[in-house]
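A closer look at the structure
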Amino acid sequence: MPALPVMIVTLCVFALAYRYYSAFLATKVFVLNAEAETPAFTCRDGQNFHPMSKWVLFGHHFAAISGAGPLIGPVLAAQFGFLPGLIWIVVGVVLGGAVQDFVILVASTRRGGQSLAEIARAEIGRPAGLACAIAILFIVIVALAGLGFVVVNALAESSWGTFTIAASIPIAMAMGTYIFAMNQGSHKSVKIGTIFGVTALLAVVILGKFIPETPWLNHIFLLDKKQIIIAMAIYGFFASVLPVWLLLAPRDYLSSYMKLGVVALLVAGVVIVNPQLHFPAVTAFIHGGGPIVPGKVWPFCFITIMCGAISGFHALVASGTTPKMLSNECHARPIGYGCMLLEALVAVVCLIAACALHPGDYYAINVSPKIYEGLTATLGLHPVNLVELTRQVGEQTLVGRTGGAVSLAVGMAQIFSAIPGLAGLMKYWYHFAIMFEALFILTTIDAGTRIARFILQEFLGRAYAPFKRADWLPGNILASAVVVLGWGYLIWNSSISTIWPMFGIANQLLAAIALAIGSTILIEMGKAKYVWVTIIPMAFVTVTTITAAAEMIIYRYWPKSATPLVVNINIALIFVMITCSVVIFAGAIKKWIRLSYPLIPQEVTASKK
């Protein structure tokens, strides 16, 4: 099947959803007010609360939410065929993912930039708030580990990619200093800073291809997996501690140009090249037994493709850094709903890139040689273009390069090099795609670490009040160090087969929690007639994720529980997250009943007094 019809339908659905459904949410459900003061002004401190222009914040938010999920998830889920993943991405984002992001961003903005845990505590009650804080802390650390693992695989032994990522840090700091420290964020300074930043980033991307050819530079930037974990942890720590305007916001804004530019080029490439989807609509693995994703298409396709359809991690960004920088309440619509649609578009083009590979080549890259031999014997799969692809991208071998990052880079490079005038550049497109994946994901690591620091500080603030102050430097340093050590440990001791399903379960459980909180807020606002916009996706995601968690424990983790420590940690984390989720759901349902039948709780309260 050609890919062009898939792309046209996707773009049309997303355009209609933004034009009509997001407008309905903005005007009827939330009634956004352009005159309302936002926390960026009322709580301005120059450290975390700082008003940003709409497009700078759009870039930051898109960069922060767009991690490994929309890149790697669709590639791994291609095991089930292109249709299950495509339907979940398109329908899931319109009715679930974009709605969640929009709801939580508006709710946090109207509550002084509170985190999701603080909102849960205020709206549902202390037990729910405590459970939410614990669940979020565990979930975000697991999520950051899952995201970081892909960065490690993408950058390992790639001096070109490492150089480009490293160079983006001083470029971003120069931008932040010029725009915010020297010119107070003026429109002219944003324009000049953007031109400088984008030009410098493109220059280092081009210059990066000379790094492997220069021995002493190659020695500096060629890092193994362990070294990349350490470097990434150091970066995550400083991105969390330094003022938001100095590194985090300008780097994410700068990265968004790279992200959006590559996505636009991919969409154009699909339209121009119209690659053939060599994968069938559905495969035999929808019934289970797949070599990459365990289990049947339901529930595992829905936890494998996370950020592209719905992502609980986004609720942390929407109640973390973004509401603290929102300068106009009406900007919540393009930033909350619009950014999520863009991320779903990323997921669709990544799915197309993966399915444009021949199944024999796809499985040869994404499974171990031993497993591939079994597929060859049982399904008759054989490589088609693997030898030629290996030669074209300049790698010694593509066999057994598991994790999804390499197969996605090959698929992207194949589309780019087929564009008229760009033939013969496969090697450069492949390495560019590897760098793009790392840059894409790393922006979520820095924002996620800062958000986790906020959550941990709020939690520790219950015992020692100064921790609650976001500008208290000792608290910032301690909380950031704890978070970085947490996700760093999981990356150090995990594999893609253990960390990715955990990431999916954690991420989707958090989405269900966020939608439950959003439903409570809508009912309390007197918008109960519109609560279906959050209740329906919440119910589907909750049932799907808990089913996947149960199957992972019973069929994947328990049989291995006597071996590595990290497997037992995964089992414990799942139990903690599900228990906390149940507490939150119970508190939310109790609140819904009380709001729907107000006379009963009032009488009970009066009798107690």
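Keep in mind the model is a prediction, meaning the values are calculated, not measured.

Now for helix α21 (residues 473–492). Relative to the 28 Å expected for 20 residues at 1.5 Å per residue, α21 spans 28 Å between its end C-alpha atoms, a close match to the ideal helical length. By the burial criterion, the buried members of α21 are Gly475, Asn476, Ala479, Ser480, Val483, Val484, Trp487, Gly488, Leu490 and Ile491.

Tallied over the full model, the rule gives four salt bridges. Across the pair Glu388 and Arg391 runs a salt bridge whose closest N-O atoms are separated by 2.4 Å. Of this pair, Glu388 and Arg391 both sit in helix α18 (residues 386–393), three residues apart, which is roughly one turn of that helix. A relative accessible area of 36% means that Glu388 is categorised as partly exposed.

We now examine the confidence of the model for the chain. Mean pLDDT for the chain: 84, with 95% of residues reaching 70 or above. Between residues 601–609, whose pLDDT stays under 50, and residues either more than four places distant or in other chains, the model counts one contact.

It is worth spelling out the environment of Thr164 at this point. For Thr164, the position within the fold is in helix α8 (residues 159–182). Owing to a relative accessible area of 0%, Thr164 belongs among the buried residues under this scheme. Residues Thr164 and Ala203 lie 39 residues apart in sequence; the distance between their C-alpha atoms is 9.4 Å. Once you skip the residues sitting within four places of it in the chain, Thr164 turns out to touch Val204, Val205 and Met435.

Taken as a whole and judged by the stated rule, the model has zero disulfides. Cysteine Cys132 shares no disulfide, and the gap to the nearest cysteine sulfur, in Cys580, comes to 8.7 Å. By relative accessible area, which is 0% here, Cys132 ends up buried. Just so you know, Cys339 is unpaired, no disulfide at all, and the nearest cysteine sulfur is the one on Cys307, 13 Å from it.

Let's shift gears to the side chain of Thr390. Tracing the sequence through the fold places Thr390 in helix α18. Ignoring sequence-local partners within four residues, the contact set of Thr390 consists of Glu395, Gln396, Thr397 and Leu398.

This part is about the packing of helix α3 (residues 54–65) against helix α15 (residues 332–355). Any two packed helices are characterised by how steeply their axes cross, that is the angle between the axes, and by the distance between the axes. One can describe the packing of α3 onto α15 by two numbers: an axis separation of 10 Å at closest approach and a directional angle of 45°. Taken together, the axes of α3 and α15 are oblique relative to one another. Of the two possible hands of crossing, α3 and α15 adopt the one that is right-handed. From α3, Lys54, Leu57, Phe58, His61, Phe62 and Ile65 reach across to α15, where they touch Pro334, Ile335, Cys339, Met340, Leu342, Glu343 and Val346. Residue classes in the contact of α3 with α15 are distributed as ten nonpolar, one polar and two charged.

Turning our eyes to something else, we now look at the packing of aromatic side chains. The full count for this structure, using the stated rule, is 20 aromatic pairs. Arranged with centres 4.9 Å apart and planes meeting at 85°, the rings of Phe279 and Tyr362 form a pair that is edge-to-face. One end of the pair, Phe279, is in the loop between α12 (248–273) and α13 (297–304); the other, Tyr362, is in helix α16 (residues 359–366), and 83 residues separate them in sequence. A relative accessible area of 0% places Tyr362 in the buried class. Aromatic ring contacts, followed pair by pair, group Tyr18, Tyr21, Phe24, Tyr337, Tyr530 and Trp532 into a single cluster.

Right, let's talk about a nonpolar patch on the surface for a bit. A cluster of nonpolar side chains, Leu83, Ile87, Val91, Leu95 and Val282, forms an exposed patch at the surface whose accessible area comes to about 400 Å². Here Ile87 is to be found in helix α5 (residues 82–109). Judged by its relative accessible area of 45%, Ile87 falls in the partly exposed class.

This paragraph deals with unusual backbone geometry. Of note, the amide linkage connecting Trp298 to Pro299 takes the cis form, showing an omega dihedral of 15°. Following the sequence through the fold, Pro299 ends up in helix α13. Unusually for a residue other than glycine, Val31 sits at a positive phi of about 50°. Within the secondary structure layout, Val31 lies in the loop between α1 (4–29) and α2 (39–42). Here the phi dihedral of Asn274 falls at roughly 50°; this positive angle occurs in a residue that is not glycine. With respect to the helices, strands and loops of the structure, Asn274 is situated in the loop between α12 and α13.

Turning our eyes to something else, we now look at the side chain of Thr449. Along the chain, Thr449 turns up in helix α20 (residues 426–460). Only 3.3 Å separates the side chain of Thr449 from the side chain of Trp487, close enough to count as a polar contact. Those residues in contact with Thr449 that sit more than four places away from it in its chain are Leu144, Gly236, Ser240, Val483, Val484 and Trp487.

Reading the values: the criteria
Residues numbered from 1 in each chain as written. Predicted model: local features only at pLDDT ≥ 70, side-chain atom pairs only at ≥ 80, totals over all residues. Heavy atoms only, no water. Helix = DSSP H or I, 4+ residues; strand = E, 2+ residues; numbered from the N terminus. Expected span 1.5 Å × (residues − 1). Buried < 20%, exposed > 50% of the residue type's maximum accessible area, 1.4 Å probe, protein only. Salt bridge = Lys/Arg side-chain N within 4 Å of Asp/Glu carboxyl O. pLDDT = per-residue confidence, 0-100. Contact = heavy atoms within 4.5 Å. Disulfide = S-S within 2.5 Å. Axes fitted to C-alpha atoms, helices over the stretch in contact; angles between N-to-C directions. Parallel < 35°, antiparallel > 145°, perpendicular 65-115°, else oblique. Left-handed = near helix turned anticlockwise from the far one by under 90°. Nonpolar A, V, L, I, M, F, W, Y, C, P; charged D, E, K, R; others polar. Phe/Tyr/Trp six-rings, centres within 6.5 Å; stacked < 30°, edge-to-face > 60°. Patch = residues over 30% accessible without salt bridge, like charges linked within 9 Å, V, L, I, M, F, W, Y side chains within 5 Å. Areas by Shrake-Rupley, 256 points an atom, 1.4 Å probe, with all protein chains shown as cover. Polar contact = N/O pair within 3.5 Å; in protein donor to acceptor, adjacent residues only side chain to side chain.

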